[in-house]
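Listed below are the residues making up each chain.
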2 protein chains.
Amino acid sequence: MNREGVIFIISAPSGAGKTTLCKEIIDIFPTLRHSVSYTTRTPRPGEIHGKDYFFVSLEEFRRMVAADEFAEWAEVHGNCYGTAIRTLEESRASGIDIILDIDIQGARQLKERYQGGVYIFILPPSYEELRRRLNGRSSDSDEVISRRIGAAAGEIRESRWYDYIIVNDQFPRAVEELKSIVTAERCRASRVLEAVTEMFAIE
Amino acid sequence: MNREGVIFIISAPSGAGKTTLCKEIIDIFPTLRHSVSYTTRTPRPGEIHGKDYFFVSLEEFRRMVAADEFAEWAEVHGNCYGTAIRTLEESRASGIDIILDIDIQGARQLKERYQGGVYIFILPPSYEELRRRLNGRSSDSDEVISRRIGAAAGEIRESRWYDYIIVNDQFPRAVEELKSIVTAERCRASRVLEAVTEMFAIE
């Protein structure tokens, strides 16, 4: 049955387990892909243009911003990152679902500028567990961890305007919930009605 | 995590496989129950009051109709059947999800009178397959089958105002989709936000 591709937008406070969940879910669904963003940063060894990112010059990025070609974009540590409206439109038309792993500010921009996405917020089970997980990352200093915990409450408050909330307490359950959201959203009447209308010759 | 119970309303043309799907899904989820309706018909051997139906007199049923106690009700072959608003409210408050296996007219009444349910429509994969399945039921005459096929197009047209559409082509996939809808709806931000607000002491 033909149906349009669904755009899933996933956000979370740092340490909630978003990246691992996104990887897992893409492995499960053959027709679910990671959205490819545009960036002005230099490719790292092994990164492929069109797969990891679309690597563009600052001039090209600025041209796209001016031409209103981004559904959301931001500057992070001197580099620009953005999701092109065309990427979302192509996914929708081709029936390929895509997942956008973006921060809350990006998700908010997207919601204002683009209709029809499915917004999912991943939560840690508690502040204590969030601290424990962030401590487990050898790369982060105590100062960084404290700042992240401090930011979490403000970020969690933003979960109210998302469509779904997943509490990542037990990882397999969180995967099951994310998987269920993907499967359920594919059955949304608004998305399959056109195909159903054709299948049964109804008006 | 505390959350309110979800009301799932399932309709389908005769022969789409709704009853089998509903049984299967109730076996899967320990906190999902079949809604218990009120009826004026006589209990059949083995039927238990409060489990299969609430068996009430015609006078009591009429009193409940007059007192606006039904979310939906109908008279079928001289007997009355109805879903009490109280049944839905109790489920919602207790966090127990319930499934209502009702016809399209009942579902429409419910949607007009009761907010917050999840409406799911089950479709056969085609008219041909529907005819094949109805032929397989020894109990139905050719005339009954032809009438049901004739009614199906009109019923399928009603699927447009449901939230989800499941095409029951392969049974295990239809079960997986229904299961996913139940799990996903339990993660709806509107349903878990109160619990999340408490867990993280946000306002």
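Shown above is the structure to which this text applies.
Residues numbered from 1 in each chain as written. Chains lettered and ligands numbered in written order. Predicted model: local features only at pLDDT ≥ 70, side-chain atom pairs only at ≥ 80, totals over all residues. Heavy atoms only, no water.

Caption draft 1: Representation of the nonpolar core in the model. Among the nonpolar cores identified, the biggest contains 46 residues, and Phe8, Ile120 and Ile181 of chain A together with Phe8, Ile120 and Ile181 of chain B are the most heavily contacted of them. Setting aside its immediate chain neighbours within four residues, Phe8 of chain B contacts Leu32, Asp97, Ile98, Ile99, Leu100, Val118, Ile120, Ile181, Val182 and Glu185 of chain B. (Core = buried A, V, L, I, M, F, W, Y, C linked by side-chain atoms within 4.5 Å. Buried < 20%, exposed > 50% of the residue type's maximum accessible area, 1.4 Å probe, protein only. Contact = heavy atoms within 4.5 Å.)

Caption draft 2: Spotlight on the packing of aromatic side chains. Using the criterion set out here, one finds 22 aromatic pairs over all chains in the structure. Considering the side-chain rings of Tyr53 of chain A and Phe55 of chain A, the 5.8 Å spacing of their centres and the 55° angle between planes classify their relative orientation as tilted. For Phe55 of chain A, a relative accessible area of 15% corresponds to the buried category. Their ring planes at 75° and their centres at 6.2 Å tell us that Tyr119 of chain B and Tyr162 of chain B sit as a pair that is edge-to-face. Taken together, the residues span a long stretch of sequence, with Tyr119 of chain B in strand β8 (residues 118-123) and Tyr162 of chain B in the loop between α6 (142-157) and β9 (164-167) at a distance of 43 residues. Like Tyr119 of chain B, the residue Tyr162 of chain B is buried in the burial classification. Grouped by ring-pair contacts, the aromatic residues Tyr38, Phe54, Phe61, Phe70 and Trp73 of chain A constitute a single cluster. (Phe/Tyr/Trp six-rings, centres within 6.5 Å; stacked < 30°, edge-to-face > 60°. Helix = DSSP H or I, 4+ residues; strand = E, 2+ residues; numbered from the N terminus.)

Caption draft 3: Just the pairing of β8 of chain B, in detail. Residues and elements named next belong to chain B. Counting buried residues along β8, six of its six residues qualify, which places the element largely inside the surrounding structure. Of the two faces of β8, the one carrying Val118, Ile120 and Ile122 and the one carrying Tyr119, Phe121 and Leu123 are both buried. Two elements, strand β1 (residues 7-11) and β8, share four bridges in a ladder whose sense is parallel. Counted as the bridge partner of Ser11 is Phe121 from β8. Pairing of β8 with β9, which is carried by four bridges, proceeds in the parallel orientation. Directly across from Ile122, in β9, lies its bridge partner Ile166. (Pairing = 2+ DSSP bridges.)

Geometry only, nothing functional implied.
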